[in-house]
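# Close look at the chain arrangement
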Amino acid sequence: MTESVVDPKLVGDAWPSVSPGEDPVLYGHVELDPQGAFEVRSPQTFRLIYTVGRYGIDDTGGIRVVFRYFGDWGVLQTTDPTAYNFVTATTSTGARIELQYSGAGHQRPWFKGLTAKLHGGYLREGDTVTIVFGDTSGGSPGMQMQTFVESGFEFKVLADVCAVGHYVPLANTPAVSIVPGPPKFWRAVLPTLRRPGEPFQLGLKAEDLWGNPSDLASARLRLVPNVEVENLPERVEYLLGTKSMTFENLKVHEPGRLWVEALLDNERVCEAGPLLIRQGEVSGYWGDLHGQSGESIGVTTSRQYFDFARNKSFLDVTGHQANDFQVNNAFWAYLNQLTEHYQEDGRFVTFPGYEWSGNTAVGGDRNVYFRTEDRQIHRSSHALLPDRSDIDTDAPDAKALFAALQDEDCVVYAHVGGRYADIAYAHDPRLETAMEIHSAWGTFEWLLTDGFPLGHRCGVVCNSDGHKGRPGASYPGAATFGAYGGLTCFYASELTRDGIFSCLRQRHHYGTTGCRLHLEVSVHASGGGLLFDRDPKVFADASSTRVNEVMMGDIYQTDDKSVTLSVQVEAPAAIERVEVRNGVEVLQTLRPYTVADLGSRIRVVWSGAEYRGRGRQSDWIGHARFDGCHIDHIAKINAWNHERLLEQRGSDTVEWNAITTGNFGGFDAYLDDVDDSRLDLNCNHGSLALQLDRLGIDDAVMEAGGLERRIRVFRLPDHNPHRSLQGSVDVALQPWGDNPLWVCVTTEDGFQAWSSPIFVYRQERWKCTSPSRPVEGRAR
């Protein structure tokens, strides 16, 4: 039996397209064969049989089978009977039926629809329509299942019996279960910063090819730390049927760096770390605070969502962010019950909240997080909510949202989803503390940097904005999403709601594109300066302390003409570069290697987007030919979709068909030599020709229009062992206004991290015009 996608208490106006359905005697009913459990991305064949009800179906009437928008099962087609996802339809009477598939064939969240319409005939009660999904009779391998697990993958059927263009849902909705594939990769996960003796946990799981925790793994593993770890078992029996294991209350009592290897038959299958053990005021807690479940536009239940975050991606902090125009009052109350249930100080922090989903024209997407449960939700609209009795609580634009939240104990993020936030239209620095610059939708540094000339002082966060029920480990799968979901590390004194809120309001956090690395950034002023507890241009009563050194996110005034920025990175993979920036300017690029270390490894990466809006995806179709040398092998970078082309052809060519949405992908070509060798690169956005022995440590760039769209080519050492980097850069300060000092880290495996800027200024351009508005109970 498959598990219901929606909590039964919530069915109704929370999900207007999910209704009890019309009377099956009148409108008919549907059956699906086979039923049961099917492996992700496996080819299958399903027969859906609709039996006509008492009303019959008139000529040009028909049925429509709809699916969730974010499913990445194979695109249905009716033209090639030998290809994947071929669909046919017949009637028991022989009446002709026409099939039409559209990715926008119905309403949210059931956007994808296959319409079967009668032509030249009608059907009586008891007649049938049979649709075969993945019809193999002509040589098709079948219908490709989606890449992610779902306990109730639904074939939702609606009927237009009177041929009026109005499709009503049938009473029964057949469903199958999508289950993980066999284990492909072992994963072990540690936090990145703890104090001596402070408890932490180690997470362990086996993932299938598409990133789902697999229950088909069975192994006897040995856990080998490089330092003594209290309560860590030496051997682990990973039993068939297990999807993850967590080892809690682990402790390291001496300062140092912890790595833990998992060995199978004395061979390393995965490694966790580094975890830095160090005395200090804060630890680093990892979170993904932005995602949805099946009650809105995603999959799985909200309860499964929280369970995955805690027990399968091993997060410390999470939040659920359903689109507000799909959240009825019953679902809002239920979400608050869930956050209260899962909240556990010192182990797992949850925040009640929602996504304010206004169009870009009225401010664009925002995330709202409350410190406590049972607060009033202020929606952008009631677009998909039939019950409008509380419509007077709506905030129809972002300015109205900020006004409605003035007396709330909450924080707000701006983000880029289908709608992108317009921070010039509306921004309240008392509430909006951070910009989400990476998610499964792509990478959006511009959302942060747009605020620099506006005087905004916001931190960096990254989240998944995932819709596949996997917060904290959000793989993009085979759909148009090309990015792995992001994570945020919060520097807090304690793992509590108060601790995380204090961190957010001081911007003491950094974001990554999904890896867990340790990042520290500080600024030192030899002459000292004033560290403010709050933004002095917003809060008239902001207090200051005279110090010589500040950390990421701080607001700092100094009379010095220059300061020294220091950075420390401890990463799970080799470090490729660290860019030190003042605003949008890259001041210096730090690398753990020199020109003398460069070898015959050539990195080619493509990046950028078409534009800022919903259709931002850029396609990259091209090839690179290496003349005068041979390719030994290639290594793919951020090639998350295993079905997209990125392959070596022969000994001299690499071909690709990839996508980016502001993020980057590419490959390393390991050559036998670069002397007297040449690269000729051609793609749909341009061409680039390079003499490889003249290629140095800096990028050769082909600009490609669009939004920061480009191809970069550069050389790397044949082997880079450096997973640790410390460096410092002297920074000359602009005399007026903010100097937002921050860094961007790139590791060789394709992940990135950004620190929240340190806002350093010598003299301001403003005067404080906003009175202080303290909120009772708010952490300072």
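Just above, that's the structure.
Values in this document were obtained by computation on a predicted structure and should not be read as measured data.

In this section: the overall build of the protein chain. From N to C terminus, the protein chain includes six helices and 53 strands. Relative to a compact globule of 780 residues, whose C-alpha radius of gyration would be 28 Å, the protein chain shows 27 Å and is just as compact. In terms of overall dimensions, the protein chain has a C-alpha envelope of 90 × 70 × 55 Å along the principal axes. Taken over 780 residues, the protein chain has a buried fraction of 61%. Restricting to contacts in the protein chain with at least 6 residues of sequence separation, those with at least 24 account for 74%. Between the centroid of the 73 positive side chains of the protein chain and the centroid of its 102 negative side chains there is a distance of 2 Å.

Bringing the side chain of Arg516 into the picture now. Relative to the helices and strands, Arg516 is located in the loop between strand 33 (509-512) and strand 34 (518-532). In terms of polar contacts, Arg516 uses its side chain to reach the backbone carbonyl oxygen of Ser313, at 2.5 Å. In this structure the side chain of Arg516 is engaged in a polar contact, spanning 3.2 Å, whose partner is the backbone oxygen of Phe314. In contact with Arg516, not counting residues within four places along its chain, are Val189, Leu190, Thr192, Trp286, Ser313, Phe314, Leu315, Gly472, Leu487 and Pro572.

The sheet built from three strands is open, its strands ordered 2-14-11 with mixed pairing. At either end of the open sheet lies a strand with only one pairing partner, and these are strand 2 (37-39) and strand 11 (150-154). Averaged over all adjacent pairs, the angle separating strand axes in this sheet is 40 degrees, with direction ignored.

Core analysis: the biggest nonpolar cluster contains 67 residues, and Leu517, Leu519, Leu565, Val567, Val569, Val578 and Val743 have the highest contact counts within it. Per element, the largest residue contribution to this core is six residues, and it comes from helix 3 (residues 329-342). Once residues lying within four places of it in the same chain are set aside, the contact partners of Val743 are Leu519, Val521, Leu565, Val567, Val578, Glu579, Val580, Ala753, Trp754 and Ser755. Judged by nonpolar contacts, the second largest core, of 40 residues, contains Ile57, Ala89, Leu114 and Phe153.

We now examine the sheet that holds strand 20 (residues 245-250). The strand order 15-17-20 describes an open sheet built from three strands, whose pairing is antiparallel. Since the sheet does not close on itself, it has two edges, and those belong to strand 15 (185-189) and strand 20, each with one partner. Each adjacent strand pair in this sheet contributes to an overall mean axis angle of 10 degrees, direction not counted. The sheet contact formed by strand 17 (residues 200-207) and strand 20 spans four bridges and is antiparallel. Residue pairing across strands places Phe200 opposite Leu250, the latter belonging to strand 20.

Turning our attention to the pairing of strand 39 (residues 585-590). Here strand 38 (residues 575-582) pairs with strand 39 via five bridges, running antiparallel. Residue pairing in the sheet places Arg581 in a bridge with Val586 of strand 39. Two successive antiparallel strands, strand 38 and strand 39, enclose a turn made up of two residues, where Gly583 displays a positive phi of approximately 65 degrees.

Counted according to the given criterion, the structure contains 47 salt bridges. The salt bridge partner of Glu207 is Lys205, with a shortest N-O separation of 3.2 Å. Grouping residues by exposure puts Glu207 and Lys205 together as buried. Where Glu579 meets Arg581, a salt bridge forms, and the shortest distance between an N and an O atom there is 2.8 Å. Grouping residues by exposure puts Glu579 and Arg581 together as buried. What emerges from the salt-bridge pattern is a single network uniting Glu576, Arg577, Arg601, Arg603, Asp668, Asp699, Arg712 and Glu748.

Across all of its chains, the model carries zero disulfides by this definition. Looking at the unpaired Cys270, the closest cysteine sulfur is the one in Cys515, lying at 16 Å.

What follows concerns a negative patch on the surface. On the surface, Asp632, Asp672, Asp673, Asp675, Asp676 and Asp693 cluster together into a patch of negative charge. Tracing the sequence through the fold places Asp676 in the loop between strand 45 (664-671) and strand 46 (678-683).

Another point: the environment of Gln337. Residue placement: Gln337 occurs in helix 3. A residue is classified by how much of its surface remains accessible, and Gln337, at 47% relative accessible area, is partly exposed. With 427 residues separating them in the primary sequence, Gln337 and Glu764 have C-alpha atoms 45 Å apart.

Here we take up the environment of Met551. Inspection of the secondary structure puts Met551 in strand 35 (residues 544-551). Distance from Met551 to Val523, taken between C-alpha atoms, is 6.5 Å for residues 28 residues apart in sequence. Setting aside chain neighbours within four positions, we find Met551 in contact with Tyr491, His508, Val521, Ser522 and Ile758.

Throughout the structure, instances matching the rule amount to 35 aromatic pairs. A ring pair is formed by Trp186 and Tyr238, whose centres lie 4.9 Å apart and whose planes are at 85 degrees; its orientation type is edge-to-face. Placement of Trp186 in strand 15 and of Tyr238 in strand 19 (residues 235-238) is noted, with a sequence separation of 52 residues between them. Here Trp186 and Tyr238 have matching classes, each one buried.

In this section: helix 3. Here helix 3 spans 20 Å end to end across 14 residues, near enough to the 20 Å set by a 1.5 Å rise per residue. Among the residues of helix 3, those classed as buried are Phe331, Trp332, Tyr334, Leu335, Asn336, Leu338, Thr339 and Tyr342. The inward-facing, buried residues of helix 3 contact helix 2 (302-311), strand 25 (349-351), strand 26 (353-356), strand 27 (366-370) and helix 6 (497-506).

The buried count for helix 6 comes to eight of 10 residues, which makes it a mostly enclosed element. Arg497, Gly499, Ile500, Phe501, Ser502, Cys503, Leu504 and Arg505 are the residues of helix 6 that are buried. Following helix 6 by one or two positions, Arg507 adopts a phi angle in the positive range, close to 60 degrees.

Cut-offs used in this document
Residues numbered from 1 in each chain as written. Predicted model: local features only at pLDDT ≥ 70, side-chain atom pairs only at ≥ 80, totals over all residues. Heavy atoms only, no water. Helix = DSSP H or I, 4+ residues; strand = E, 2+ residues; numbered from the N terminus. Rg over C-alpha atoms; globule rule 2.2 N^0.38 Å. Buried < 20%, exposed > 50% of the residue type's maximum accessible area, 1.4 Å probe, protein only. Contact = heavy atoms within 4.5 Å. Lys, Arg positive; Asp, Glu negative; His and termini not counted. Charge placed at Lys NZ, Arg CZ, Asp CG, Glu CD. Polar contact = N/O pair within 3.5 Å; in protein donor to acceptor, adjacent residues only side chain to side chain. Pairing = 2+ DSSP bridges. Axes fitted to C-alpha atoms, helices over the stretch in contact; angles between N-to-C directions. Core = buried A, V, L, I, M, F, W, Y, C linked by side-chain atoms within 4.5 Å. Salt bridge = Lys/Arg side-chain N within 4 Å of Asp/Glu carboxyl O. Disulfide = S-S within 2.5 Å. Patch = residues over 30% accessible without salt bridge, like charges linked within 9 Å, V, L, I, M, F, W, Y side chains within 5 Å. Areas by Shrake-Rupley, 256 points an atom, 1.4 Å probe, with all protein chains shown as cover. Phe/Tyr/Trp six-rings, centres within 6.5 Å; stacked < 30°, edge-to-face > 60°. Expected span 1.5 Å × (residues − 1).

From the geometry alone we can't say anything about function, so treat these as descriptive.
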